[in-house]
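Remarks on the overall topology
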Amino acid sequence: MFNNLIKHSLRAFRRQRSYIIINITGLSIGIACSLLIALYVYYEESYDRFNVKKDRIFDIALNFTVGSQELSTSARTSYPVGVTLLREFPEVEDFLRMRRMAEATTVTYNEKTYSEENILVADSSFFNFFTIPVLKGGPGTLLNAPQKVVLSVSLSKKIFGNENPLDKILKIGKDTATYIVTGVMGDIPGNSHFKAGMLVSMLSDSQAASQQWGSNNVTTYLLLRPNANYRSVDEKFPALIAKYFGPEVKRFLNISFEEFLSRGNKYEYSLQKLTDIHLNTSIKPFFLAPGDPKLLKILGSIALLILLVAVVNFINLSTAQASSRVKEVAIKKLSGSTKTMLIAQFLTESVIMSFVSTIVGLIIIKLVLPFFNDLLGTTLTLSLSDAWFKIPFMILFALGTGIIAGSYPAFFLSAFSPYRMLKGGKIDRTHRGSLRKVLVVLQFTISILLIVGTLIMYRQIVYMLERDPGFIKDQLLVIENEGALGTSAKSFKEAISMIPGVVSVTSSSSVPGISDSNNGYMVEGKKDETIMIWTNNVDYKFLETYGMQLKSGRFFKQEFPSDAQACVLNEAAIKKWNIDPEKLRIMGYRDSGKVVYFPIIGVVKDFVFDSQRKQIAPLIFRLKSESDRYGYITVKISLKNYGETIKKIETAWHGFVTEDPLTYKFVDDIMKQLYIKERQNAVIAVISSFLAIFIAILGLYGLTSYTVEQRTKEIGVRKAMGSTVHGIYFAISREIIILISVSAVFSFPIIYYLSGKWLESFYYRISPGLFSFLAGLIIVLGITVLTISYRTLRAARVNPSQSLRYE
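For the structure given in this document, a descriptive report is provided here. Bear in mind that the values here come from a model prediction, so they are computed numbers and not experimental data.

1. Considerations on the overall build of the protein
When helices and strands are counted, the protein shows 24 helices and 25 strands. Out of the 807 residues belonging to the protein, those deemed buried represent 51%. Roughly 37700 Å² of accessible area belongs to the protein as shown, and the carbon and sulfur atoms make up 58% of that amount.

This is the structure in structure tokens:
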């Protein structure tokens, strides 16, 4: 019986080649696009979900709230937390501390230097937590002593080639100590929540044994014992914090920990599941920025919508072609075929088309995947053999798609009365036409939703990139490793300032787009309230180099030695705490607990130094000491001989630094990186939107062709009666244009609501506005008119005598 079904289905395919080609093309593109997006979403969900211990591994998050300020919860802890928890909490089996080795970006072997930005310092328990394979070396001894390092296989090959790296001696950054290679690990997957080309033993860190609880410079992971309840650990944190952090509050603030809490302050630890790190935007990560789960849900929805458009396309064309198969159905019924047998045949046809479309879709994915990876900076791969469930899933996916797409046409075609059909009876066109109209409206509602949504997403990204940031971001080159200059930083700045094409040079502890220093201060007269302010230590030329504007007062000047103990605030700080800069001073603490007063000498107009998702935060400028050997050097360069100027800066660098290469970025590129995920997702949305409209238009072309074919005699009569080509064109296309207009009416309130929800995540945002809606409608109408015009005008120009003879 199954063989007969296949034979009948193949015969039916041969009779309807054009219809089959359109259906398979639309379904293939829909399947390819939806699977590709699903593959991206799956990739973005992090490799940690494959960790066999994932249900027992947690990251410690710190919620530090000062007064009325709700600071972001972050994955930062102090050095002694992990050791103490292992000692005092029976639920804890092991701990792992990690941090960036920010002071080092180079590795030297045999007097040859290599760049490596992703150097992490980690405890020896690293491989007990993460499923990174150890390719060389003994896992138990890899990082168990000072000056031991483990290399990724890529970095090992880069430095040593095919040579065995074990026991080789390396020099890292400016550290005078040498390090020994004890192992090689697999590369960290691209969808991890951290990157590491090299691991350095935590015992190499001079602060590893620190007992200071208020300095949060590492992230700490816990491995709980089997069957341990992580909530019981959470419940024990308050007592632990009071015991160890309380004395430090007393020492620095001269108040008890209870009084510290009674003032509305918070200092709380909580556990975050390992599998939540990669997509949890509520906790500021220690390493890479998390993916946005909202955007992944949007992309997942787009994948389903595109597949829905393809399936609706299939149903629409199948029901439209019903009249051409009426006699076939009637003859089969009179020959003994039951309704069940006919349904089985039609479902078999749709399932065969679904399987063919799935295979074609997978081929399309294989072909476009390299371009997709280049476009989004991902490392997606299409492999059906690396997990047992993939092939069964694809079979079920194709089967399910075929059954869903073919169910209505199967029941619709098998319900005809054979006697009525053979006597020349007509199909109930009202019912069939109504369904087709609903399906066309559904298709184009989805298409308009995607196109308008994409336009709004694109406009928001352009707005963030082009909105006045409050400083001149062009031609600003940022040298990232000022620390490599050591005591020569001042001499280097003086040397490059003499290069033709260099307009200005400044150094600072942070630059716009890279701000991670948040310090506690108090306002004079409000000693009971500690305020947290982003801090940037800068030299005298910072304001001039960045082209920032003063609201009042002045900036730091060399002729005022007292500026070393002064400060400059931004407008946001003045507004948030209602500070009178002429009467009040900012208060800070030294490590000894002594209070230091900083007079406010000026106020800078607000400028963007972080993502525009958030309101501009309070910021304080303090004068950077020449002895501070960290931070960035920003060089403003002229457009004239741009490349030559950069080469001369690089030459000057190597005159001061022989081992470390010059690493630099441009400020406008740094600012763009703040919105890299939004831009990637916008690209996916653009591609998806136009594929959705292409599938819908493909179906529309098939429907128009069928309509023209069915109305050929009508067209001939109209022409014989004096109708013009334009009149016939309007008569045939009017219904489609009305249906698309109805789609627009349905889609606009939906997209207005959804886009409003998405835009709420940006403090500085556009209004959806009427422009995006009208532009989306015009795009869809324009493509639709072009699509139906060719087939309709061709039929309208046919000689009426030929049309009247058509049967």
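2. Section: the pairing of strand 1 (residues 57–65)
When you tally the buried positions in strand 1, you get eight out of nine residues, the bulk of the element. Sheet analysis places strand 1 next to strand 12 (residues 219–224), joined by three bridges and oriented antiparallel. In the sheet register, Phe58 faces strand 12, and the bridge partner there is Leu222.

3. Focus on unusual backbone geometry
Notably, Asn110 is not glycine yet its phi reads approximately 50°, a positive angle. Mapped onto the fold, Asn110 is located in the loop between strand 4 (106–109) and strand 5 (112–115). Located in the positive-phi region is Asp167, a residue other than glycine, with phi close to 70°. Take Asp167: it is sitting in the loop between helix 5 (153–160) and strand 9 (169–172).

4. Observations regarding the packing of helix 15 (residues 489–496) against helix 18 (residues 642–656)
Between helix 15 and helix 18, whose axes approach to 10 Å, the crossing angle comes to 150°. If you check the angle between helix 15 and helix 18, you find them roughly antiparallel. Of the two elements, helix 15 crosses helix 18, and the hand of that crossing is right-handed. For the pair formed by helix 15 and helix 18, the contact residues are Ser491, Phe492, Ala495 and Ile496 on the first element and Ile649, Ala652, Trp653 and Phe656 on the second.

5. What to know about a nonpolar patch on the surface
Where nonpolar side chains cluster on the molecular surface, the patch consists of Ile359, Ile363, Leu367, Val368 and Phe371 and spans about 520 Å² of accessible area. Tracing the sequence through the fold places Ile363 in helix 11 (residues 339–376).

6. Remarks on the pattern of salt bridges
A side chain of one charge can pair with a side chain of the opposite charge if their charged atoms are brought near each other. Going through the model one piece at a time under the given rule, you end up with 15 salt bridges. Linking Lys624 and Glu482 is a salt bridge whose minimum nitrogen-to-oxygen distance equals 3.3 Å. Linking Lys624 in the loop between strand 23 (619–623) and strand 24 (632–637) with Glu482 in the loop between strand 15 (476–479) and helix 15, this pair joins segments that are 142 residues apart in sequence. This pair shows no difference in class: Lys624 is buried, exactly as Glu482 is. Residues Asp563 and Arg554 are paired through a salt bridge, measuring 2.8 Å at the closest nitrogen-oxygen approach. Salt bridges linked by common partners bring Arg87, Glu88 and Lys243 together as one network.

7. Some points on helix 7 (residues 246–253)
By the burial criterion, the buried members of helix 7 are Gly246, Glu248, Val249 and Phe252. Mapping the buried residues of helix 7 onto a view down its axis gives an arc of 160°, with all of them on the same face. Positive phi shows up at Asn254, right after helix 7, with a value of about 60°.

8. Some points on the nonpolar core
Ranked by internal contacts, the top residues of the largest apolar core, which has 62 residues, are Leu35, Tyr40, Leu299, Ile302, Phe444 and Val780. When contributions to this core are tallied by element, the ones reaching two or more residues are helix 2 (17–44), helix 9 (293–320), helix 11, helix 12 (390–414), helix 14 (429–466), helix 20 (676–710), helix 22 (725–759) and helix 23 (769–796). For this core, the leading source of residues is helix 14, giving 13 residues. Setting aside residues up to four positions removed in sequence, Val780 forms contacts with Phe444, Ile448, Ile451, Ile693 and Ile740. The next biggest cluster of nonpolar side chains, apart from the first, holds 30 residues, and it includes Phe471, Tyr546, Ala572 and Tyr764.

9. Concerning the side chain of Thr220
Within the element layout of this structure, Thr220 appears in strand 12. Polar contacts involving the side chain of Thr220 include one to the side chain of Thr77, which spans 2.6 Å. Among residues more than four places away in sequence, those in contact with Thr220 are Phe58, Asp59, Ile60, Thr77, Ser78, Gly82, Leu96 and Arg97.

10. Things to note about the packing of helix 3 (residues 80–88) against helix 6 (residues 230–244)
Two elements in contact, helix 3 and helix 6, have axes whose closest approach is 12 Å; the angle formed by their N-to-C orientations is 120°. Classified by the angle between their axes, helix 3 and helix 6 sit oblique to one another. Considering the relative orientation of helix 3 and helix 6, their crossing is right-handed. Contacts between helix 3 and helix 6 pair Thr84, Leu85, Arg87 and Glu88 from the former with Phe237, Leu240, Lys243 and Tyr244 from the latter. Considered class by class, the residues forming the contact of helix 3 with helix 6 number four nonpolar, one polar and three charged.

11. Regarding the pairing of strand 20 (residues 567–570)
Burial of the side chains of strand 20 extends over both faces: Cys567 and Leu569 are buried on one face and Val568 and Asn570 on the other. Sheet topology places strand 20 next to strand 22 (residues 595–604); four bridges connect them, and they run parallel. Residue pairing for strand 22: Val568 is matched across the bridge by Gly602. Across three bridges, the pairing between strand 20 and strand 23 is antiparallel. Paired with Val568 across the two strands is Phe621, which belongs to strand 23.

12. So, the packing of aromatic side chains
Here the structure, examined in full by the defined rule, presents 36 aromatic pairs. The interplanar angle of 75° and the centroid separation of 5.1 Å between the aromatic rings of Phe286 and Phe287 together place this pair among those described as edge-to-face. A relative accessible area of 6% means that Phe286 is categorised as buried. Since its relative accessible area comes to 11%, Phe287 is described here as buried. Centroid distance Phe542 to Phe621: 5.5 Å. Interplanar angle 50°. Geometry classified as tilted. One end of the pair, Phe542, is in helix 16 (residues 542–546); the other, Phe621, is in strand 23, with 79 residues separating them in the sequence.

13. Focus on the side chain of Ser204
Here Ser204 is to be found in the loop between strand 11 (198–201) and strand 12. Within the structure, Ser204 has its side chain in polar contact with the side chain of Ser201 (distance 2.7 Å). Excluding residues that lie within four positions of it along the chain, Ser204 makes contacts with Pro146, Gln147, Lys148 and Tyr179.

14. Looking at helix 6
Over its 15 residues, helix 6 runs 21 Å from end to end, which matches the ideal 21 Å to within 8%, given 1.5 Å per residue. Taking the largest bend as the criterion, helix 6 deviates by roughly 35°, centred on Phe237, and proline Pro238 comes between one and four positions later. Tyr230, Val233, Phe237, Leu240 and Ile241 are the residues of helix 6 that are buried. Regarding helix 6, its N-cap is Asn229, as a side-chain oxygen of that residue lies 2.9 Å from the backbone nitrogen of Arg231 further along.

What counts, and where the lines are drawn
Residues numbered from 1 in each chain as written. Predicted model: local features only at pLDDT ≥ 70, side-chain atom pairs only at ≥ 80, totals over all residues. Heavy atoms only, no water. Helix = DSSP H or I, 4+ residues; strand = E, 2+ residues; numbered from the N terminus. Buried < 20%, exposed > 50% of the residue type's maximum accessible area, 1.4 Å probe, protein only. Areas by Shrake-Rupley, 256 points an atom, 1.4 Å probe, with all protein chains shown as cover. Pairing = 2+ DSSP bridges. Axes fitted to C-alpha atoms, helices over the stretch in contact; angles between N-to-C directions. Parallel < 35°, antiparallel > 145°, perpendicular 65-115°, else oblique. Left-handed = near helix turned anticlockwise from the far one by under 90°. Contact = heavy atoms within 4.5 Å. Patch = residues over 30% accessible without salt bridge, like charges linked within 9 Å, V, L, I, M, F, W, Y side chains within 5 Å. Salt bridge = Lys/Arg side-chain N within 4 Å of Asp/Glu carboxyl O. Arc of directions from axis to C-beta. Core = buried A, V, L, I, M, F, W, Y, C linked by side-chain atoms within 4.5 Å. Polar contact = N/O pair within 3.5 Å; in protein donor to acceptor, adjacent residues only side chain to side chain. Nonpolar A, V, L, I, M, F, W, Y, C, P; charged D, E, K, R; others polar. Phe/Tyr/Trp six-rings, centres within 6.5 Å; stacked < 30°, edge-to-face > 60°. Expected span 1.5 Å × (residues − 1). Bend = angle between axes of the 7 residues up to and from the residue.

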